[in-house]
Amino acid sequence: GTGNTQYSGQVTLTTQQSGSQYTLTDTARGNHQTRNLNRSTSGSGTLFSGPDDVWGNGQPTNLETAGADAHYGAALTWDYYKGVHGRNGIRNDGRGASSRVHYGNNYVNAFWQDSCFCMTYGDGSGNRKPLTSIDVAAHEMTHGVTAATGNMQYRGEPGGLNEATSDIFAAAVEFNAKNPSDVGDYLVGEKIDIRGNGTPLRYMDKPSKDGSSLDYWSSRAGSVDVHYSSGIANHFFYLLSEGSGQKTINGVTYDSPTYDNKPVTGIGIDKAAKIWFRALTTKFNTTTNYAAARTGTLAAAGELYGTSSPEYTAVANAWAAVNVGT
Ligand code: ASN
Ligand code: ZN
Ligand code: CA
């Protein structure tokens, strides 16, 4: 089918034909379904269906548009985990989840629930910007991957690492998608204007730019909101990928500081994501804190690239740069 999305332009969607109708059922990705809650805050809504296999018109007033964005974001995230990490779906069992759009009234959030194996998106408030961008979809779906793997508990330092894992793979999926309307960046939620002033929700190069997130580990890391302690690992991941200092990527200029004022040389996002995924799936557990994340990512880098490799050294340097483990 054809999706006329709000954030990603015109895209191809995989759908299912049943008789004279088509539905947003992704037959290539575990039958992932995209459903319309039509402002309800409960239930599973109705599966998007229609006669022409064209979904949305690029405008949020058309109720199919958010469905097209969500269906596309879920497909990109599925393809990223399968193509890059060899993971067959969120739980590595080939099963598709579902997306629910148009949750409630003026709801300015999105969330994953393991209980329904589903993610849910609000429509945003005054600015009428549904929370269905690629990075938000990848962030929420990654909560499902984390629940099925490291399962870091959603409080304290493990909670920050859980949140960061969602931001890290949100960036990785966005870069991997190579969509010209929503290019890759190290910002989270730059499309949805959640603050109403055009700024993104989070910045990975220097998380404190949002006014609340932590750039460096301190004893406060275990007591602030998990969306703020995630900053430490987001910053680690940015430094590991791109290195410290100024850098412009896809038109966005970053300037990433280090705690010790020593420069860090990046190894690229593909290797950094390989290391984080291996740590998430084979080292992390419910109680992993920042010190253990350092140990786990070092072990993962050692297994992937060797303990004498530049990749291993970069992991050590990037953790030191966010004040973990020195
Ligand atoms: N959008 C938020 C998140 O995924 C919802 C929450 O706070 N759990 O982190
Ligand atoms: Zn989250
Ligand atoms: Ca982004």
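What you are looking at is a predicted structure, and each value in this text was computed from that prediction instead of being measured.

A. The arrangement of the overall build of the chain in detail. What the chain contains, in helices and strands, is seven helices and 16 strands. When the backbone C-alpha atoms are referred to their principal axes, the chain occupies close to 65 × 40 × 35 Å. Each of the 326 residues in the chain was classed as buried or not, and the buried ones make up 54%. Contacts in the chain between residues at least 24 apart in sequence constitute 62% of all its contacts with a sequence separation of at least 6.

B. Broad picture of helix α1 (residues 63–85). In this model α1 runs 34 Å from its N-terminal to its C-terminal C-alpha over 23 residues, within 8% of the 33 Å that 1.5 Å per residue would give. Counted residue by residue, α1 has 17 buried out of 23 residues, so it is predominantly covered. Following α1 by one or two positions, Gly86 has its phi on the positive side, about 65 degrees.

C. Here's a closer look at the sheet that holds strand β4 (residues 21–23). Spatial strand order, β3-β4-β8: three strands in an open sheet with antiparallel pairing. Each having just a single partner strand, β3 (16–18) and β8 (49–50) make up the two edges of the open sheet. Inspection of the sheet shows β3 paired to β4 by three bridges, in the antiparallel sense. Looking at β4, one finds that Gln16 is bridged to Thr23.

D. Structural view of the site of ligand 1. As a matter of local geometry, ligand 1 sits amid Asn109, Ala110, Phe111, His139, Glu140, His143 and Glu163. Among the secondary structure elements, those contributing two or more residues to the shell around ligand 1 are β11 (110–113) and α2 (134–148). The greatest single-element share of the shell around ligand 1, amounting to three residues, is contributed by α2.

E. The arrangement of the environment of Gln113 in detail. Relative to the assigned elements, Gln113 resides in strand β11. Sequence separation between Gln113 and Gly144 is 31 residues; the distance between their C-alpha atoms is 7.6 Å.

F. Looking closely at the confidence of the model for the chain. Per-residue confidence for the chain gives a mean pLDDT of 98; residues scoring 70 or more make up 100%. Prediction confidence for the complex, expressed as pTM and ipTM, is 0.98 and 0.96 respectively.

G. How the structure looks around the domain arrangement of the chain. Domain annotation for the chain reports domain 1 (2–148) and domain 2 (156–321). Spacing between the C-alpha centres of domain 1 and domain 2 amounts to 25 Å. Taken together, the contact pairs 23 residues of domain 1 with 25 residues of domain 2. The residue inventory of the side of domain 1 that touches domain 2, partitioned by class, reads nine nonpolar, 12 polar and two charged.

What counts and what doesn't
Residues numbered from 1 in each chain as written. Chains lettered and ligands numbered in written order. Predicted model: local features only at pLDDT ≥ 70, side-chain atom pairs only at ≥ 80, totals over all residues. Helix = DSSP H or I, 4+ residues; strand = E, 2+ residues; numbered from the N terminus. Buried ≥ 20, exposed ≤ 12 C-beta atoms within 10 Å, placed from the backbone. Contact = placed C-beta atoms within 7 Å. Expected span 1.5 Å × (residues − 1). Pairing = 2+ DSSP bridges. Near = placed C-beta within 6 Å. pLDDT = per-residue confidence, 0-100. Domains from an automatic or database assignment. Nonpolar A, V, L, I, M, F, W, Y, C, P; charged D, E, K, R; others polar.

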